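Below, each chain spelled out in residue letters.
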Amino acid sequence: LASVGLVGLGVMGRNLALNLSRRGYKVVVYNRTKEVTDRFISGYGGSGLTPAYSPDEVARKLDAPRIILLMVTAGKAVDDVIRSISPYLSSGDVLSDLGNSHFRDTQRREFSLDPSGIHYCGVGVSGGEEGALRGPSIMVGGPSKAWEILKKPMSDISARAFDGTPCASWVGEDGAGHYVKMVHNAIEYVVMELIGECYGVFKALDFSNGEISDIFQLWNEGRSKSYLLEISAKVLRRKDELSGGDLVDKILDSAEQKGTGKWAAESCLELGVPAFSFAVAALDRSMSSFKLVREKASSLEPNRVNKPNLGRREAQEALGTAFSGAQLCAYAQGFSLLEAARNEYGWHTDLAEVARIWQGGCIIRADLLKQIREALLSGAHDSILLDPDIHREIVKCDKAWRNVVSRALEARIPLPGFTSTLAYRDSLFTERLPANLIQALRDYFGAHTYRRVDREGVFHTDWSGG
Ligand code: 6PG
């Protein structure tokens, strides 16, 4: 009998199955379309993979307790597979959804399977196709009992953190795995936004793609070392096979999204977490897709963008510093959202553990996660920016960060990522915000009341009488 069942043989599913089988697991694989299963098996037969052609066959071919991994498109397909396979499962089996499902769907599914004794897990998997094959970062959410069963296979196939430990862990009950993955993606959106904005400033200063690639590569050898910088340097070097020149210049400037970034922004609004940049990064993808309106608008102001008043060397250094400060603020917003969510949903999410399993395999893997983990271990739960070492870093970035942002704004370059991270940093470190005036106005027109700085209680003023 096999030890793991894998349902859904798209590229992620196929790669996970191969990863498991390479690590010595016997995997029973199943896809709704028989030909897909046959094609996969004929390509990789004899390597510990066994085909199944129906959900009950998957169940029959697995050792107890069964481990079934679903790698199907998030949404209705997940409910369909659960409905088709759960009648053949028994109490104690583990059914896991490894796609990018909304955490509320995961909560609902876990709740409905609970009476059957089947352990339902929502598992965040990051690393794309390559990660699935060679070692992703794996964020398991669900009953802790299920983790006892999943721990070995998930650890075996995962990437490694800086200390060599597996990038797979239990991150909390019910929807927590998918929530943590959603926050991972929100950080991914912001960091990509920041890299994009750096590229935009360099372009305005007439740097070539090759030069920008070299700069990203250089940054990637220093403090900001991260997977996203590494691949940005590579992307900028790629030539276009269809018409020559640099491929990046031929790509339409309209970025798409599948939903996780938007969900994170929605969750910020719902939980009242001021992660400005999550909303901004998702919405700037929408702005990029407003291509036709932007074309019309920009024709009204030809040549509106000036060259920023920055020397090339100065720009390179200041942007590098600004990027490292802004990147810290992106992660800070993510951990602050996770902290609020674990309190709201009663999850036992260990934030330092999240910072550890993001160190390898995932899209936002970055050297700074080492420092972030240490900050979280020493209790910086209010905000990692309050950790003395991280705070010192942020302060060090300040001058260059503000200088480059002001110069670029004067030149009319849009910088939603840089300005929102800076606004986040400034607001967080401002003891008295002008929200007292907002409260006064609310009370003026709606009698919404206000609290005072000098005495307890709730107050209302008859403003018209004053
Ligand atoms: C990962 C990625 C992966 C994917 C997302 C982002 O961690 O491997 O985050 O899950 O790239 O779907 O997608 P969008 O940019 O399309 O929202």
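You'll find the structure just up there.
Described in the following lines is the structure provided in the data block.

Thresholds, definitions, all that
- Residues numbered from 1 in each chain as written.
- Predicted model: local features only at pLDDT ≥ 70, side-chain atom pairs only at ≥ 80, totals over all residues.
- Heavy atoms only, no water.
- Core = buried A, V, L, I, M, F, W, Y, C linked by side-chain atoms within 4.5 Å.
- Buried < 20%, exposed > 50% of the residue type's maximum accessible area, 1.4 Å probe, protein only.
- Contact = heavy atoms within 4.5 Å.
- Near = heavy atom within 4 Å.
- Polar contact = N/O pair within 3.5 Å; in protein donor to acceptor, adjacent residues only side chain to side chain.
- Areas by Shrake-Rupley, 256 points an atom, 1.4 Å probe, with all protein chains shown as cover.
- Helix = DSSP H or I, 4+ residues; strand = E, 2+ residues; numbered from the N terminus.
- Nonpolar A, V, L, I, M, F, W, Y, C, P; charged D, E, K, R; others polar.
- Axes fitted to C-alpha atoms, helices over the stretch in contact; angles between N-to-C directions.
- Parallel < 35°, antiparallel > 145°, perpendicular 65-115°, else oblique.
- Left-handed = near helix turned anticlockwise from the far one by under 90°.
- Salt bridge = Lys/Arg side-chain N within 4 Å of Asp/Glu carboxyl O.

### Quick word on the nonpolar core
At step 1: One finds Y179, Y331, F335, W358 and F418 to be the most contacted residues of the largest nonpolar core, which totals 91 residues.
At step 2: For W358, the residues in contact, after removing those within four places along its chain, are S137, M139, V180, V183, H184, I187, F335, L338, I364, R365, A366 and L369.
At step 3: One finds L9, I138, W147 and I157 within the second-largest nonpolar core, a separate group that totals 32 residues.

### Considering the site of the ligand
At step 1: Close to the ligand lie 14 residues, the nearest being S126, K181, E188, Y189 and R285.
At step 2: N100 is positioned such that a nitrogen or oxygen atom in its side chain is 3.0 Å from an oxygen atom of the ligand.
At step 3: For the ligand, an oxygen atom lies 2.4 Å from a polar atom in the side chain of S126.
At step 4: A total of 420 Å² of accessible area belongs to the ligand in isolation, and the protein chains cover 79% of it.
At step 5: At five residues, helix 8 (residues 176-204) tops the list of elements feeding residues into the shell around the ligand.
At step 6: Its residues assigned to classes, the shell around the ligand shows two nonpolar, eight polar and four charged.

### Some thoughts on the packing of helix 8 against helix 9 (residues 209-219)
At step 1: Look at helix 8 against helix 9: their axes get within 10 Å of each other, and the N-to-C directions meet at 135 degrees. Between helix 8 and helix 9, the angle is such that the two are oblique. Seen from above, helix 8 lies across helix 9 with right-handed handedness. Note on element contacts: helix 9 touches helix 8 through N209, I212, I215, F216 and W219, opposite I195, C198, Y199, F202 and K203.
At step 2: A class-by-class count of the residues in the contact of helix 8 with helix 9 yields eight nonpolar, one polar and one charged.

### Here we look at the pattern of salt bridges
At step 1: Using the criterion set out here, one finds 35 salt bridges in the structure.
At step 2: For K34, the salt bridge goes to D38, with nearest N and O atoms at 2.8 Å. A residue pair is termed a helical-turn pair when its members lie 3 or 4 positions apart in one helix, as K34 and D38 do in helix 2 (residues 34-44) at four residues.
At step 3: For K34, a relative accessible area of 45% gives the class partly exposed.
At step 4: Judged by its relative accessible area of 26%, D38 falls in the partly exposed class.
At step 5: For R356, the salt bridge goes to E353, with nearest N and O atoms at 2.8 Å.

### Digging into the environment of A176
At step 1: Within the secondary structure, A176 sits in helix 8.
At step 2: On the basis of relative accessible area, A176 is assigned to the buried category, the value being 0%.
At step 3: In this structure, the C-alpha to C-alpha distance between A176 and G122, residues 54 residues apart in sequence, is 7.4 Å.
At step 4: With near-sequence residues (within four places) excluded, A176 lies in contact with V171, W347 and T349.

### Examining the packing of helix 9 against helix 10 (residues 227-235)
At step 1: At a minimum axis separation of 8 Å, helix 9 and helix 10 run at an interaxial angle of 155 degrees. Relative to helix 10, the element helix 9 lies roughly antiparallel. Note on packing geometry: the crossing formed by helix 9 with helix 10 is left-handed. Residues S213, F216, Q217 and W219 of helix 9 pack against L229, S232 and A233 of helix 10.
At step 2: Class assignment of the residues belonging to the contact of helix 9 with helix 10 gives a composition of four nonpolar, three polar and no charged.

### Considering the environment of L205
At step 1: Looking at where L205 falls in the secondary structure, it is placed in the loop between helix 8 and helix 9.
At step 2: Distance in space between the C-alpha atoms of L205 and I195 is 16 Å, their sequence separation being 10 residues.
At step 3: Among residues more than four places away in sequence, those in contact with L205 are K307, P308, L310, R312 and A315.

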